[in-house]
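Spelled out, the chains give:
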Amino acid sequence: MRSPGRSHSTTAKRQPPTLQWLALLVSVGILAVASPLVAAWSAPGPTIPGRSIYVTNQLDNTLSVIDGSNYKVVATVPVGTSPAGVVVSPDGRYAYIAEGGDDAVSVLDTGTRTIATTVALPAGSSPRGVALSPRGEFLYVADGGSNRVSVVDTRTTRVVASVPVGTQPVSVAVTPDGGSAYVANAGSGDVSVIDTQTNRIIGVVTTGEFPAGVALTPDGGSAYVANELSADVTVINTRSGAVEATIPAGTSPFGVATSPDGRWVYVADLGPGKLAVIETRVRKVVSTVSIGGHGTDPFNVAATDHAIYVTNQGANTLAVIDPRTRHVVTTVTTGNSPYGVAVDPISRSVHTDTRS
């Protein structure tokens, strides 16, 4: 929108009445460029038209589907018991939901917003975190109840491997080249590194207490691990396997995500109801974003170029944060106890099936 009140020559056309009023408001200091009043005329927050946000609601056994163009809930899909992590395929056609209470993974057809199939996991798996290989051929499921990672071939929707890891794995991330999977083991206080070609453990890295979330930088060079009970973030060099830094990060860091450009790491801090922002170049918290204070319980995080999304279990909301201003621009009411959050990687207008 052009700045109202711009000077005009005497030969310019007469402004419409609405623009005259805007110019008058600017002249007396009531309205400024990019003021809240102007912003209110557009959709709330930094939008992502053509893309959806998916949120699992752990106590409702549902999945909220949110329109990224206006941040409205457009569907509430019944899923299995105690849904936890969720991830969307690279082509945007499917969302995979870990069902902690059913020892299964549901596969959502994002076009019809219905469950296309369900993948049964071994009894007692109690799956939590999920991650996909870069092309989406394999799904890695952190089975918190059985201390394993299930590897699912997404083309056949069958479990093709079961990899023993540490105690109580709750989060998993795959390197951008697809060569390794990093598994946060909350119970044993470490990260297991899986060679995805052989589905064997090639390394174990000790972290802080109760590592609850793990995220990789876009270049694959570093893994950031949020340790809830030691209130810090472990930075692992993925090439050497060494711990390069330990960053104090609030009170109860849990979910973690990296920005698409790799400059920032976002950490959900359960205790004070905040989002901690780490700058990767200096490896320290440079700012915090208030999500709503104590009782909000920021849990998991997803990030795009346009927005940061934080599930808030205590408030039953999804916070949408502008990464430029680092302010909450809107909140979306979800179901009961939102757990995982995932975002369409591409606009629905260009979805194609890469699984065939």
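Preceding block: the structure.
Here we summarise the structure given alongside this text. The shown structure was predicted, so the numbers you read here are calculated from the model rather than taken from an experiment.

Basis of the calculations
- Residues numbered from 1 in each chain as written.
- Predicted model: local features only at pLDDT ≥ 70, side-chain atom pairs only at ≥ 80, totals over all residues.
- Heavy atoms only, no water.
- Phe/Tyr/Trp six-rings, centres within 6.5 Å; stacked < 30°, edge-to-face > 60°.
- Helix = DSSP H or I, 4+ residues; strand = E, 2+ residues; numbered from the N terminus.
- Buried < 20%, exposed > 50% of the residue type's maximum accessible area, 1.4 Å probe, protein only.
- Pairing = 2+ DSSP bridges.
- Axes fitted to C-alpha atoms, helices over the stretch in contact; angles between N-to-C directions.
- Salt bridge = Lys/Arg side-chain N within 4 Å of Asp/Glu carboxyl O.

Our next topic: the packing of aromatic side chains. One pass over the full model with this rule turns up three aromatic pairs. Between Phe-254 and Phe-299 the ring centres are 4.2 Å apart and the planes differ by 25°, which places this aromatic pair in the stacked class. Here Phe-254, found in strand β20 (residues 253-258), pairs with Phe-299, found in strand β24 (residues 298-303); they are 45 residues apart in sequence, far enough to count as distant. Of the two residues, Phe-254 and Phe-299, neither departs from the other in class, the shared state being buried. Measuring from ring centre to ring centre gives 4.9 Å for Phe-299 and Tyr-339, while their planes differ by 65°; the resulting arrangement is edge-to-face.

Quick look at the pairing of strand β2 (residues 62-67) now. Each regular strand carries side chains that alternate between the two faces of the sheet. Most of β2 sits inside the fold, with five of its six residues counted as buried. Between strand β1 (residues 52-57) and β2, which pair antiparallel in sequence order, lie four residues; one of them, Asn-61, sits at a positive phi of approximately 60°. Across six bridges, β2 lies against strand β3 (residues 72-78) in antiparallel orientation. The residue bridging Asp-67 from the neighbouring strand is Lys-72, located in β3.

So, on to the sheet that holds β24. One open sheet holds the four strands; their spatial order is β24-β25-β26-β27, and the pairing between them is antiparallel. In this open sheet, the two strands that pair with only one neighbour each are β24 and β27 (327-333). Ignoring strand direction, the axes of neighbouring strands in this sheet form an average angle of 25°. Inspection of the sheet shows β24 paired to strand β25 (residues 308-312) by four bridges, in the antiparallel sense. What sits directly across from Val-301, in β25, is Val-310.

Here the focus is the sheet that holds strand β4 (residues 83-88). Strands sit in the order β4-β5-β6-β7 across an open sheet of four strands; the sheet is antiparallel. One side of each edge strand has no neighbouring strand; the edge strands of this open sheet are β4 and β7 (114-120). Across the sheet, the mean angle separating the axes of adjacent strands is 25° when strand polarity is ignored. Pairing geometry for strand β6 (residues 104-109) and β7, over six bridges, is antiparallel. Looking at β7, one finds that Ala-104 is bridged to Ala-120.

Let us look at the pattern of salt bridges. Within the structure shown, the criterion is met by six salt bridges. Asp-322 is paired through a salt bridge with Arg-324; the nearest N and O atoms lie 2.9 Å apart. In this structure, a network of salt bridges that share partners links the residues Arg-263, Glu-279 and Arg-281.

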